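Secondary and tertiary structure notes
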Protein chains: 2
Amino acid sequence: MPHRRQVRMTKQRQIILDTLRKTCTHPTADELYHKVRKTLPHISLGTVYRNLETLNNMGLITRLLFGGGQMRFDGNIETHHHVSCRYCNRIEDIPEDAVTTLAISPDAMEGFSMLGHELYFVGICNSCKEKKEQRVEMR
Amino acid sequence: MPHRRQVRMTKQRQIILDTLRKTCTHPTADELYHKVRKTLPHISLGTVYRNLETLNNMGLITRLLFGGGQMRFDGNIETHHHVSCRYCNRIEDIPEDAVTTLAISPDAMEGFSMLGHELYFVGICNSCKEKKEQRVEMR
DNA sequence: GTCGTTGCAAAGATTTTGCAGCGGC
DNA sequence: GCCGCTGCAAAATCTTTGCAACGAC
C-alpha cells in the first residue's frame, strides 16, 4: 500500500507562497527568488525551485506554460487567461468575463483525462510596438 | 531608412523546415537535431537553434509555448490547438472544429496589439495515468 | 565578390541534485 | 526523534554566441 509522504509547511515555503500571491507579474523562479530574499536573505535559489515544484503539485500555485522558454508561476489558481507580448514575454491577466464562450467537443481529446485548459493570447505590447516602429530590425 | 537583411535558403535551413513539417510530435530543438542528422550528419545543434529562430521569425513555423520549460516547435502554422500531458509533456493536436465557439471581448486586451491566440488543454495521457495508478509517489 | 550562414567549441542561462546539518510536527 | 527540508555548491540541461571558413545569390 503506497502512501503519500507528509508535506511540511516551513517558513521558507510559506513565504514563497505569500510572496507569489502578492506578485501579479507572473514571475520567473529567479525573479521570485530575489523578492523572497528581501524577507529571507539566506534562502537559496534551489529552495525556491524545490518549493515551486512542491506548491504546484499541491495545487496551491500554477506553473504557467508561456514563459518563452523559461518557467513562470502564478499564485492565482482561479481559472483565468493571459495575454503575452511576443517580444518582451510580459504576461498579463485577462478579466475572467472577457472570454464569453468556449465550447469544446467532448470526445476531441480521447486518450487524455482533462485537468484544465489555458488560453493564451499573443500580441505586441504598446511599449514594444513603439520600439519596433523605430527600428525594423527587431522583427 | 532601415532595411530588412536578405534571408538565404541554405540546404540546412530547407532540410530543417522539411523535417519539422514531416514531424507531427512537436519536437524540441534537440529532438529535431537528431532527426536532421540522419540527412545532414555534420549539422550542429547551434545551426538548428539559429534556424528555428529564423524560421519562426519568417512565420514559416511556430514556436510552441507549452514545453514544460523547454521550447517546442510546430511545422503546422494553420490555427489549431493542443492537448498536453502534465506528466510526460507530450503534445498532441486537437482537430480544428473541436473548439466550436470562442468569443472574446475586444477591449479586454487594451495595451496589446493581438497577433493570435493559443489554447492549451492540460490532462493526463492514458499511459501516464496507468503509471500513476500503480505508484502514488509519481506526482 | 559580398555578406549571410555554418560547424565547432566555449560561454551563458536555467534548472536539478547530493549532502550534511537543521527544524517541523 | 523521525524524516522532510534547507543552504550550499556542483552538476546537468538547455540555449546562445564568437569566429574563421564556406557558400547562396
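The shown structure was predicted, so the numbers you read here are calculated from the model rather than taken from an experiment.

Rules behind the numbers
- Residues numbered from 1 in each chain as written.
- Chains lettered and ligands numbered in written order.
- Predicted model: local features only at pLDDT ≥ 70, side-chain atom pairs only at ≥ 80, totals over all residues.
- Heavy atoms only, no water.
- Patch = residues over 30% accessible without salt bridge, like charges linked within 9 Å, V, L, I, M, F, W, Y side chains within 5 Å.
- Areas by Shrake-Rupley, 256 points an atom, 1.4 Å probe, with all protein chains shown as cover.
- Salt bridge = Lys/Arg side-chain N within 4 Å of Asp/Glu carboxyl O.
- Helix = DSSP H or I, 4+ residues; strand = E, 2+ residues; numbered from the N terminus.
- Buried < 20%, exposed > 50% of the residue type's maximum accessible area, 1.4 Å probe, protein only.
- Pairing = 2+ DSSP bridges.
- Axes fitted to C-alpha atoms, helices over the stretch in contact; angles between N-to-C directions.
- Domains from an automatic or database assignment.
- Contact = heavy atoms within 4.5 Å.
- Buried area = accessible area lost by both parts, 1.4 Å probe.
- Polar contact = N/O pair within 3.5 Å; in protein donor to acceptor, adjacent residues only side chain to side chain.
- Near = heavy atom within 4 Å.
- Nonpolar A, V, L, I, M, F, W, Y, C, P; charged D, E, K, R; others polar.

1. Overview of a nonpolar patch on the surface
Residue and element names in this part refer to chain A. The grouping of Val7, Met9 and Met58 at the surface amounts to a nonpolar patch, some 230 Å² of accessible area in total. Within the secondary structure layout, Met58 lies in helix α3 (residues 45–58). The partly exposed category is assigned to Met58, whose relative accessible area is 35%.

2. Considering the sheet that holds strand β4 (residues 91–94) of chain B
An order of β4(A)-β3(A)-β6(A)-β6(B)-β3(B)-β4(B) is seen for the 6 strands of this open sheet, with the pairing classed as mixed. The sheet is open, and its two edges are formed by β4 (91–94) of chain A together with β4 of chain B, each paired on a single side. With direction set aside, neighbouring strand axes in the sheet form an average angle of 30°. In the sheet, strand β6 (residues 112–125) of chain A pairs with strand β6 (residues 112–125) of chain B via 13 bridges, with the strands oriented antiparallel. Residue Phe112 of chain A lies in a different strand from β6 of chain B, and its bridge partner there is Cys125 of chain B.

3. Brief notes about the domain arrangement of chain A
All names here are of chain A. Split by domain assignment, chain A resolves into domain 1 (1–76) and domain 2 (78–139). Opposite the 12 residues of domain 1 that make contact, domain 2 presents 12 residues. Summed over both sides, the interface of domain 1 with domain 2 buries roughly 960 Å², with 57% coming from carbon and sulfur. Remark: the boundary between domain 1 and domain 2 carries 0 salt bridges. Taken together, the links from domain 1 to domain 2 amount to 6 residue pairs in polar contact (both at pLDDT 80 or more). Every element with two or more residues in the side of domain 1 that touches domain 2 is listed here: β1 (62–64) and β2 (72–74). A per-element tally of the side of domain 1 that touches domain 2 places β1 first, with 3 residues.

4. Digging into the protein's contact with DNA strand C
Lining the immediate surroundings of DNA strand C are 22 residues, of which Arg8 and Tyr49 of chain A together with Gln12, Arg13 and Thr47 of chain B lie closest. Backbone atoms, meaning sugar plus phosphate, form 64% of the atoms of DNA strand C positioned within 4 Å of the protein. In the environment of DNA strand C, a phosphate oxygen lies 3.1 Å from a nitrogen or oxygen atom belonging to the backbone of Met9 of chain A. Here a phosphate oxygen of DNA strand C and a backbone polar atom of Met71 of chain A are 3.0 Å apart. Going through the elements one at a time, α3 of chain A together with α1 (11–22) and α3 (45–58) of chain B are the ones with two or more residues in the surface near DNA strand C. Sorting elements by how many residues they give to the surface near DNA strand C places α3 of chain A first, with 4 residues. Counted by class, the surface near DNA strand C contains 6 nonpolar, 10 polar and 6 charged residues.

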